[in-house]
Amino acid sequence: MPIPDRPTFATADPRWQCRITDDGSPTLVQTATDDSMHSGCGALAETRHVYLRGSGAESRLAAGQSTRVLELGFGTGLGWMVTAQAAIAHQTPLYYLALESALPPAAVIRQLDWHRFIDNRALVDATIQWFADVEAACESQTAIPTLVFGNLILEVSLGDAADWCCGPLHHPYKNPDQRFDAIYFDPFSPESSPRLWQSDIFAAIHAVTKPDGRLASYCVNRQVRDAMKAAGWNVGKTAGPPGGKREVLVARYE
Ligand SMILES: C[S@@+](CC[C@H](N)C(=O)[O-])C[C@H]1O[C@@H](n2cnc3c(N)ncnc32)[C@H](O)[C@@H]1O
């Protein structure tokens, strides 16, 4: 099937363009590489289906189980907002740690108009303000702020996720009570970010996952599945989102 010609607009920063995906929700595309933050078939649909549902976070939050999420690739913050919304709906505590090498500017995030898709104005406003606060902290070289929103906590570790996985920052999260229930493995593709799709990275992520935890990803590439298996994951495929990829990946701690 031919790829639809999706409306694409300039943003406040020439490094990013805004593209409207097939479910009407926007995503960001890197101008230089054409790497897209989400599937063109639907940014919101992909986030809900592949990550929130596929990782098991949705059912945990619905059952009132306090949940810890690790996301590789924070991008626009959509994964966080969708997960936070589910946590708020069920009054369940959420801890969310994101690894990100190039956080888009707050001015660009503001242009995505997430209010139209996330039915919690205060959450969207707090998230956009947090993008601005992180930007200011980077400029002034002060500590990166944590976003506390009721009983939800968002932290970001800025830099290459491979460094986080292979260095001391990752060590505290090996403690049983610091490990994660759900992993959103969402960097750019293996072609664009090859270092992150390697077995040692999947082993490092495995070491910080709880024994009943799950990893979700859009990529079902054979080499990626083999690298995950070699790192101890029990790797499977599940149906993709409506209108999107036929299959997506769910890996369980083994
Ligand atoms: C597919 S987008 C993530 C979209 C995001 N989950 C969302 O909901 O908007 C991929 C993200 O991974 C980040 N990324 C790519 N390589 C990375 C690396 N080596 N370390 C950390 N982040 C990386 C990119 O900057 C980009 O923001």
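Above this text you will find the structure in question.
**Looking at helix α3 (residues 78-89)**
Turning to step 1, where the next piece is worked out: Between the first and last C-alpha of α3 there are 17 Å, a value that for 12 residues agrees with the 16 Å anticipated at 1.5 Å per step.
Turning to step 2, where the next piece is worked out: Among the 12 residues in α3, 10 count as buried, and that is most of the element.
Turning to step 3, where the next piece is worked out: Buried residues of α3: Leu78, Gly79, Trp80, Met81, Val82, Thr83, Ala84, Gln85, Ala86 and Ala87, and no others.
Turning to step 4, where the next piece is worked out: Remark: Gln91 follows α3 within two positions and exhibits a positive phi of approximately 50°.

**Comments concerning the sheet that holds strand β3 (residues 26-30)**
The strands making up a sheet are joined through hydrogen bonds of the backbone, oriented either antiparallel or parallel.
Turning to step 1, where the next piece is worked out: Reading across the sheet, the three strands line up as β1-β2-β3 and stay open at both edges, with antiparallel pairing between neighbours. Across the chains shown, the open sheet's two edge strands, defined by having one partner strand only, are β1 (8-10) and β3. Pairwise comparison of adjacent strand axes, ignoring direction, gives a mean angle of 35° for this sheet.
Turning to step 2, where the next piece is worked out: As paired elements, strand β2 (residues 16-20) and β3 share five bridges and run antiparallel to each other.

**Brief notes about the sheet that holds strand β8 (residues 180-185)**
Turning to step 1, where the next piece is worked out: If you trace the eight strands from one edge of the open sheet to the other, you get β6-β7-β5-β4-β8-β9-β11-β10, paired in mixed fashion. Each having just a single partner strand, β6 (147-149) and β10 (233-239) make up the two edges of the open sheet. Between one strand axis and the next, the sheet turns through 20° on average, direction left out of account.
Turning to step 2, where the next piece is worked out: The sheet contact formed by β6 and strand β7 (residues 152-158) spans three bridges and is antiparallel. Each bridged residue has a counterpart across the sheet, and for Leu147 the counterpart in β7 is Leu154.
Turning to step 3, where the next piece is worked out: Helix-sheet contacts for helix α5 (residues 121-140) involve β6 and β7, and the interaxial angle to β6 is about 160°.

Conventions we followed
Residues numbered from 1 in each chain as written. Predicted model: local features only at pLDDT ≥ 70, side-chain atom pairs only at ≥ 80, totals over all residues. Heavy atoms only, no water. Helix = DSSP H or I, 4+ residues; strand = E, 2+ residues; numbered from the N terminus. Expected span 1.5 Å × (residues − 1). Buried < 20%, exposed > 50% of the residue type's maximum accessible area, 1.4 Å probe, protein only. Pairing = 2+ DSSP bridges. Axes fitted to C-alpha atoms, helices over the stretch in contact; angles between N-to-C directions. Contact = heavy atoms within 4.5 Å.

Geometric values such as these leave the question of function open.
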